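Given next are the chains, with one letter for each unit.
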Amino acid sequence: MASRRTPSAKDLSRYGVLAEYTRKRDFRITPEPPGRPGSRAGGRSPGARESRGAREFVVQKHRAGHLHYDFRLEHDGAMLSWAVPKGPSLDPAVKRLGMQTEPHPMDYNHFEGVIPEGEYGGGTVMIWDNGTWEPESPDVGTALAKGQLKFRLHGKKLRGSWVLVRTRGPRTWLLIKHRDEHASSDDLTQTRPLSVVSRRTMAAIAKAAGATARQREQAAGTDPERARSAADRTRARCAG
Ligand code: MN
């Protein structure tokens, strides 16, 4: 085994808000994108694109130790991140727990594949939804500091008005749908289970990336029955 890179605190400070992201990963092993050094997250200014309101958002379905949905919002050149174990709910009566995790690089929004076993977050990652978001709170930094960020999503699955509210502790938040025309009792984790970029199931993503048998079984276990049987029919058609 090659010895692990052990960057010093001084090295990592160059990565700004991506220091924790960088510290947790060995980019010689994981296919995840590295953070770039810079005073801001990706070394790029948040600038014009963000001020025009075209902030990116992504939701990544991730079968690591446990299944969760990583909900990420672009802010100041990085992706603020919350791990939502049950995934977003369109029902305004349902509050979904979201544990805030380390900011991710913007490049992460395009990552779909498998993190090797033994690496941080080892398991299958799907781009479950993406699009743009706009704040409904007047100042995003202030709203985050106060622990209540209201926003609007323009995704392929998630739309309309939402709120993130901080509860006990600095990292514990609730993700809640506001009442509007996009509220629904439909459980999108079950009815819209495929990748928005590749139309693949978790099982297909794991297989294509050459995941271990155990990772493939775990990935497949998170696909709803209906998606699994549709994939089986496709395979039967190709074989026949
Ligand atoms: Mn994750």
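What counts, and at which threshold
- Residues numbered from 1 in each chain as written.
- Predicted model: local features only at pLDDT ≥ 70, side-chain atom pairs only at ≥ 80, totals over all residues.
- Heavy atoms only, no water.
- Helix = DSSP H or I, 4+ residues; strand = E, 2+ residues; numbered from the N terminus.
- Buried < 20%, exposed > 50% of the residue type's maximum accessible area, 1.4 Å probe, protein only.
- Contact = heavy atoms within 4.5 Å.
- Donors = N, O, S within 2.8 Å, 3.2 Å for Na, K, Ca; no water.
- Salt bridge = Lys/Arg side-chain N within 4 Å of Asp/Glu carboxyl O.
- Phe/Tyr/Trp six-rings, centres within 6.5 Å; stacked < 30°, edge-to-face > 60°.
- Lys NZ or Arg CZ within 6 Å of the ring centre and 35° of its normal.
- Core = buried A, V, L, I, M, F, W, Y, C linked by side-chain atoms within 4.5 Å.
- Polar contact = N/O pair within 3.5 Å; in protein donor to acceptor, adjacent residues only side chain to side chain.

Caption draft 1: Molecular detail of the overall build of the protein chain. Counting its secondary structure elements, the protein chain contains eight helices and nine strands. Within the protein chain, buried positions represent 45% of all 240 residues. Contacts in the protein chain between residues far apart in sequence, at least 24 positions, make up 56% of those at least 6 positions apart.

Caption draft 2: Here's a closer look at the coordination of the manganese ion. Here the manganese ion is held by H62 (ND1), H68 (NE2) and D70 (OD), and the distances to it run 2.1 to 2.3 Å. Motif for the manganese ion, donor spacing along one chain: H-x5-H-x1-D. Residue H68 is classed as buried on the basis of its relative accessible area, which comes to 14%.

Caption draft 3: Looking closely at the environment of A19. For A19, the location among the structural elements is in helix α2 (residues 19-23). According to the relative accessible area criterion, A19 is buried, its value standing at 18%. A C-alpha to C-alpha distance of 9.7 Å links A19 and R36, two positions 17 residues apart in sequence.

Caption draft 4: Broad picture of the pattern of salt bridges. All told, the structure shown has twelve salt bridges when counted by the stated rule. A salt bridge links E20 to K24, with the shortest nitrogen-to-oxygen separation between them at 3.0 Å. The class of E20 is partly exposed, set by a relative accessible area of 23%. In this structure K24 comes out as partly exposed when scored by relative accessible area, which is 23%. With a closest N to O distance of 3.2 Å, R152 and E136 form a salt bridge. A residue pair is termed long-range when its members are at least 10 positions apart, and R152 in strand β7 (residues 148-155) and E136 in the loop between β6 (123-135) and α4 (140-146) qualify at 16 residues. Residue classification places E136 among the partly exposed residues on the basis of a relative accessible area of 36%. Within this structure, E20, K24, R25, E32, E102 and R171 form a network of salt bridges that share partners.

Caption draft 5: Quick look at the packing of aromatic side chains. On inspection of all chains with the given rule, the structure shows eight aromatic pairs. An aromatic cluster is defined as three or more aromatic residues linked by ring pairs; in this entry it consists of Y21, F27, Y108 and F111. The aromatic ring of W133 is capped on one face by R55, whose charged end is 5.4 Å from the ring centroid.

Caption draft 6: Representation of the nonpolar core. Membership of the largest hydrophobic core comes to 30 residues, with the highest contact counts inside it found for F71, L73, F151, L153 and L158. In this structure, L153 is in contact with F57, F71, L73, T132, W133, L158, R159, G160 and W162, ignoring residues within four places of it in sequence.

Caption draft 7: Representation of the side chain of R72 in the model. Summarising the element assignment, R72 is placed in strand β2 (residues 67-75). Here S81 takes part through its side chain, which lies 2.9 Å from a polar atom of the side chain of R72. Within the structure, R72 has its side chain in polar contact with the side chain of H104 (distance 3.4 Å).

Caption draft 8: Just unusual backbone geometry, in detail. Here D76, not a glycine, exhibits a phi torsion of approximately 55 degrees, which is positive. Counting through the fold element by element, D76 comes out in the loop between β2 and β3 (78-84). In this structure D76 comes out as partly exposed when scored by relative accessible area, which is 31%. Phi at R199 takes a positive value of approximately 60 degrees, unusual for a residue other than glycine. One can find R199 in the loop between α5 (188-191) and α6 (202-208).

Shape is all these values report; function is a separate question.
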